[in-house]
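Summary of the model geometry
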Protein chains: 2
Amino acid sequence: MKNNKALDNPTAKRRHGGIDPRLLAGPCMACNTRNMAICIALSDEEVAALEAIVTHQTFTPGQSVFFEGDPADHVYNITGGMLRLSKLLSDGRRQITGFLLPGDFLGFIRGDNYSFAAEAVTQANLCRFSLGDFMDLLDRFPKLEKRLLERASNELAEAQDQMLLLGRKSPKEKLASFLVRMAERQARALGPSKELRLAMGRNDIADYLGLTIETVSRCFTQLRKDKILALPESNIVIVKDGTRLRALHQPG
Amino acid sequence: MKNNKALDNPTAKRRHGGIDPRLLAGPCMACNTRNMAICIALSDEEVAALEAIVTHQTFTPGQSVFFEGDPADHVYNITGGMLRLSKLLSDGRRQITGFLLPGDFLGFIRGDNYSFAAEAVTQANLCRFSLGDFMDLLDRFPKLEKRLLERASNELAEAQDQMLLLGRKSPKEKLASFLVRMAERQARALGPSKELRLAMGRNDIADYLGLTIETVSRCFTQLRKDKILALPESNIVIVKDGTRLRALHQPG
DNA sequence: CGTAACGTTGAACTGTCTCAAGATCCGTGG
DNA sequence: CCACGGATCTTGAGACAGTTCAACGTTACG
């Protein structure tokens, strides 16, 4: 907060190169997710403005970023680890609506309160922005807003895929879809690999796919017996027959 | 199309009040959804710019606006009637991801093709914009982009609600949620009423809730026998016990 | 009227959940 | 080093909710 003073009213100055050199060396500049996150829309100078209002946070597995119903006063970028978003019914039934990975944005907000909870699945690193600061940024950098709209459109399409999955797919198809999509995301981040590491447990998978943990387990076993997968450990999936896995994912 | 010629390159002119008077009397100016649609972000002058690039279309019940996989080259505003958005699996299983009403926006797009189909449920009126024109408009009117981001955030929250419904609610709860939400939307548009008119058939409701048509029918009967609803006609629902209906809906 | 689309109801079936037990893995402490 | 407890995962048996299949009722319309 203190060392941001140089940027309190610096728009013109920044435009012409007068950036505090400390900021050009800041963590955002060298961020490993800069090319995936919403920041891809920003120039070095603009990232410096981002840097001026950001707070970096770390969460341990299971820790909550915020609860469903909390006042929605911050938005986040994930720079490391995995988060889960979830909604609860009063009797404890839970639906996980998504898993967030490095580069993902957290903070499409309706109204004054978060309508879902966010928790760390693994150790996780987040950049936090106060909503007010972030809104100001949006006004200053239209590119950022465009990028955000793109992101939101993407998430909407994914949400629709997930509705199709939840409403109309069999448990086996659900698990296959889940694995294919997680493999794609992992490939995008780390390059292609036959080995998929699942950071989340069976319980999270079940609550993401609208199943019980027993059914998830049985489907894993079935896919293993069908020789579509190998499971050297319960969290490590080796895709042995990608064709048949993808056939289950999109029947036809 | 023809009478838009006066606006082919009119930015400066429009900014300073030199608007073709024919446009100030155009259908967008007097549009009954102007205060609900994304247009709420726009001044009279800006609506005139909208008017310059819009095409008005009418669809009959069952008619397709576009198919899943079609090139995504247009966006739409709904000004009358009801649309359904849906996704198909190759064996015919269908998931309806939403119903659109007057004031709703259709066109959050990922990639070059629509990832879902859009069809008219009732007779429907749409304003159509070519994607290119609309993008230009976004650049010119940042307020419009903000409004769109708001909309997208809203839709994301609704999509998450629907995931909770599809993944974790019982058929009875699903139907109750559906009725409560439809009643709220109808109330927002037409004012509060105990009588809810469902424009869509049982099949559409089933495909929206991830159920079979028989189960939907049985749940209606059950809610009627529980004296929570009355059903003078199959498409007209009278909510007799809103408290118990909302208890089944369970917001959280 | 006759037919087709839509909705309701019934009976049987089946897949998924529930409940229960056993297996595996982990960190902790004896 | 092994023993222990807790958490996680797998497996099995039975129950039950929701689907499937089939029949019937209703409404709209040529």
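Residues numbered from 1 in each chain as written. Chains lettered and ligands numbered in written order. Predicted model: local features only at pLDDT ≥ 70, side-chain atom pairs only at ≥ 80, totals over all residues. Heavy atoms only, no water.

1. Quick notes on helix H6 (residues 171-190) of chain A
Residue and element names in this part refer to chain A. Between its terminal C-alpha atoms H6 stretches 28 Å, which fits the 28 Å expected from 20 residues at 1.5 Å a residue. Those residues of H6 lying buried are Glu173, Lys174, Leu175, Ala176, Ser177, Phe178, Leu179, Val180, Arg181, Met182 and Gln186. Where H6 terminates, the next one or two residues include glycine 191, which has phi positive at roughly 90°. (Helix = DSSP H or I, 4+ residues; strand = E, 2+ residues; numbered from the N terminus. Expected span 1.5 Å × (residues − 1). Buried < 20%, exposed > 50% of the residue type's maximum accessible area, 1.4 Å probe, protein only.)

2. Quick word on the interface of chain B and chain A
Taken together, the contacts link 46 residues of chain B with 48 residues of chain A. Across the chain B to chain A interface the summed buried area is about 4200 Å²; carbon plus sulfur atoms make up 58%. Together, Arg110(B), Met163(B) and Arg168(B) form the three largest contributors to the area buried by chain B at its contact with chain A, with a combined 18%. Taken together, the connections running from chain B to chain A amount to 14 salt bridges. The salt bridge partner of Lys146(A) is Glu145(B), with a shortest N-O separation of 2.9 Å. Taken together, the links from chain B to chain A amount to 22 residue pairs in polar contact (both at pLDDT 80 or more). (Contact = heavy atoms within 4.5 Å. Buried area = accessible area lost by both parts, 1.4 Å probe. Salt bridge = Lys/Arg side-chain N within 4 Å of Asp/Glu carboxyl O. Polar contact = N/O pair within 3.5 Å; in protein donor to acceptor, adjacent residues only side chain to side chain.)

3. A closer look at the protein's contact with DNA strand C
Around DNA strand C, the structure places 16 residues, and the nearest of them are Pro171(A), Thr215(A), Arg202(B), Ser217(B) and Thr221(B). Each atom of DNA strand C within 4 Å of the protein was classed as base or backbone; sugar and phosphate made up 64%. In this structure, a base nitrogen belonging to DNA strand C sits 2.9 Å away from a side-chain N or O atom of Arg218(B). Contact between DNA strand C and Thr221(B): a phosphate oxygen at 2.5 Å from a side-chain N or O atom of the residue. Looking at the surface near DNA strand C, the elements with two or more residues in it are helix H8 (213-225) of chain A together with helix H8 (213-225) of chain B. (Near = heavy atom within 4 Å.)

4. Section: the packing of helix H7 (residues 202-209) of chain A against H8(A)
Residues and elements named next belong to chain A. Contact geometry of H7 with H8 gives a least axis separation of 8 Å together with a crossing angle of 100°. The orientation of H7 relative to H8 falls into the category roughly perpendicular. On H8, the residues touching Arg202, Ile205 and Ala206 of H7 are Ile213, Val216 and Phe220. Of the residues belonging to the contact of H7 with H8, the class tally is five nonpolar, no polar and one charged. (Axes fitted to C-alpha atoms, helices over the stretch in contact; angles between N-to-C directions. Parallel < 35°, antiparallel > 145°, perpendicular 65-115°, else oblique. Nonpolar A, V, L, I, M, F, W, Y, C, P; charged D, E, K, R; others polar.)

5. Regarding the relation of the copies chain B and chain A
Between chain B and chain A, the superposition needs a rotation of 180° and an axial shift of 0.0 Å, giving an RMSD of 0.0 Å. Interpreted geometrically, this transformation is the action of a two-fold axis. A shared binding surface is used by both copies, with 100% of the interface residues of chain B retained as interface residues in chain A. (Least-squares fit on C-alpha atoms with pLDDT ≥ 70 in both.)

6. Structural notes on the protein's contact with DNA strand D
Surrounding DNA strand D, one finds 17 residues, the nearest of these being Arg202(A), Ser217(A), Thr221(A), Pro171(B) and Thr215(B). Sugar plus phosphate: this is where 63% of the atoms of DNA strand D within 4 Å of the protein reside. Between a phosphate oxygen of DNA strand D and a side-chain N or O atom of Ser217(A), the distance comes to 2.8 Å. Arg218(B) places a side-chain nitrogen or oxygen 2.8 Å from a base oxygen of DNA strand D. Counting residues per element, the ones that place at least two in the surface near DNA strand D are H8 of chain A together with H8 of chain B. Broken down by element, the residue count for the surface near DNA strand D peaks at six residues, all from H8(A).

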